[in-house]
Amino acid sequence: MKKLLALAVFSAAALAAPAGWAAQPLLTPVELQARTGQPAAPRVIDIRDPASYAAQHIPGALNAPYGRWRGPASNPGELPELPQLTALVQSLGLTPATHAVIVSTGADTTDFGAAARVYWTLKLLGLKELSILNGGMKAWSQAKLPLTTEVPQVTASQYAPALDTRLLATREDVGQHIRLSNAALVDSRPDAFYQGKVRAPAAKVSGTLPGAQQLDFNQWFVPGTTTFVDAATAKQIAAKVKREQGQDMVAFCNTGHWAATDWFGLSEVAGLPGVKLYAGSMVDWTQSKEPPLMANQPSRAEALAYDARQWWERKFR
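What counts and how
- Residues numbered from 1 in each chain as written.
- Predicted model: local features only at pLDDT ≥ 70, side-chain atom pairs only at ≥ 80, totals over all residues.
- Heavy atoms only, no water.
- Helix = DSSP H or I, 4+ residues; strand = E, 2+ residues; numbered from the N terminus.
- Expected span 1.5 Å × (residues − 1).
- Buried < 20%, exposed > 50% of the residue type's maximum accessible area, 1.4 Å probe, protein only.
- Salt bridge = Lys/Arg side-chain N within 4 Å of Asp/Glu carboxyl O.
- Pairing = 2+ DSSP bridges.
- Phe/Tyr/Trp six-rings, centres within 6.5 Å; stacked < 30°, edge-to-face > 60°.
- Contact = heavy atoms within 4.5 Å.

(A) Structural context of helix 10 (residues 258-269). Helix length check: helix 10, at 12 residues, gives a terminal C-alpha distance of 16 Å against a target of 16 Å (1.5 Å per residue), a fit within 8%. Across the 12 residues of helix 10, 12 count as buried, placing the element largely inside the fold. Buried within helix 10 are the following residues: W258, A259, A260, T261, D262, W263, F264, G265, L266, S267, E268 and V269.

Following this line, the structure appears as structure tokens:
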């Protein structure tokens, strides 16, 4: 009886005092559903394409497609200009007091990178009360929770964000880290990219950053699912990355998408300090005017053969 009473008191206190509740980086569908309808209900941000959002979405969710948070096709990972991001955040009615929950499709592990990249962008803009719906819309639908086609209306905010550059690594920062060997560079890509066998379409050359350690983003998910692992497992995964005391950690991939998952796991779930994201990643790095410093680069003959295969596939497929 005492245990039941204590549990009831705890539950009532949790629901009665939403202002004192700290946002968790990951929410299950049931946890998100429990917070809707509360005085400080989360602002759900659905980053799927407009057609998917229009078909059905979580009640109260606003649509802000992932493409609006990204750069141009020539450099997709490039951070949009601050005025553009400011207008987007204001249109969603966001302020530092808002608990924002990002929702993606949950279709596969790559999809999680979209939610993680938006989460990182919002944190970069000074927002701290942030969560991701673990498993995305797929998990919400599987839990048979409410869906709607109604589009809510929100009042735009006047929030004027400033970039928290402690979370961002630029091309210049990365170059300095390589020259001084003073950061742990974390390549989030699968083996073929890390080993220089393939490259992103917009990247000029194959390979990885000198001294980079590989931490394939797929490791962060419960095997066979799109569910992000718990904190204890995340800490075990994070321990695979070696860095000297006091050094920063910089996650990168092709365009800052897969790397956002590594950043999220290392920083937000495992709780490591000093983790940054190289937003432009290898596409940005290989587009520098000077020949970029690289490791695991293929030979000239291998590179020419790869380019020929890519040309053939684009022309005849």
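There's more to say after this.
(B) Structural view of the pattern of salt bridges. Across all of its chains, the model carries 6 salt bridges by this definition. One salt bridge in this structure joins D164 and R166, with 2.8 Å as the shortest N-O distance. With relative accessibility at 60%, the residue R166 sits in the exposed group. Ionic pairing is found between D187 and R189, a salt bridge with its closest N-O pair at 2.8 Å. Neither D187 nor R189 differs from the other in exposure class; each is buried.

(C) The sheet that holds strand 6 (residues 168-169), seen in detail. Sheet architecture is open: 5 strands sit in the order 6-10-9-7-8, paired in parallel fashion. Edge positions in the open sheet fall to strand 6 and strand 8 (213-214), since each of these has one partner strand only. In the sheet, strand 7 (residues 183-187) pairs with strand 9 (residues 248-252) via 5 bridges, with the strands oriented parallel. Directly across from D187, in strand 9, lies its bridge partner F252.

(D) Focus on the packing of aromatic side chains. Inspection of the entire model under this criterion finds 10 aromatic pairs. Measuring from ring centre to ring centre gives 5.5 Å for F112 and F221, while their planes differ by 75°; the resulting arrangement is edge-to-face. Taken together, the residues span a long stretch of sequence, with F112 in helix 5 (residues 109-124) and F221 in the loop between strand 8 and helix 9 (231-238) at a distance of 109 residues. The pair formed by F112 and F221 is uniform in burial state, with each residue classed as buried. One aromatic cluster is present, built from ring pairs that chain together F112, Y119, W220, F221, F228, W263 and F264.

(E) Just the side chain of S188, in detail. Residue placement: S188 occurs in the loop between strand 7 and helix 8 (191-194). The exposure class assigned to S188 is buried, which follows from its relative accessible area of 0%. Not counting the four nearest positions on each side in its chain, S188 is found in contact with L215, D216, F217, A251, F252, C253, W258, A259 and D262.

(F) Quick look at unusual backbone geometry. One non-glycine residue, K144, adopts positive backbone phi at about 55°. On the basis of relative accessibility, which here comes to 73%, the residue K144 falls in the exposed class. Unusually for a residue other than glycine, S281 sits at a positive phi of about 50°. Its place among the elements puts S281 in helix 11 (residues 281-286). With a relative accessible area of 0%, S281 lands in the buried category.

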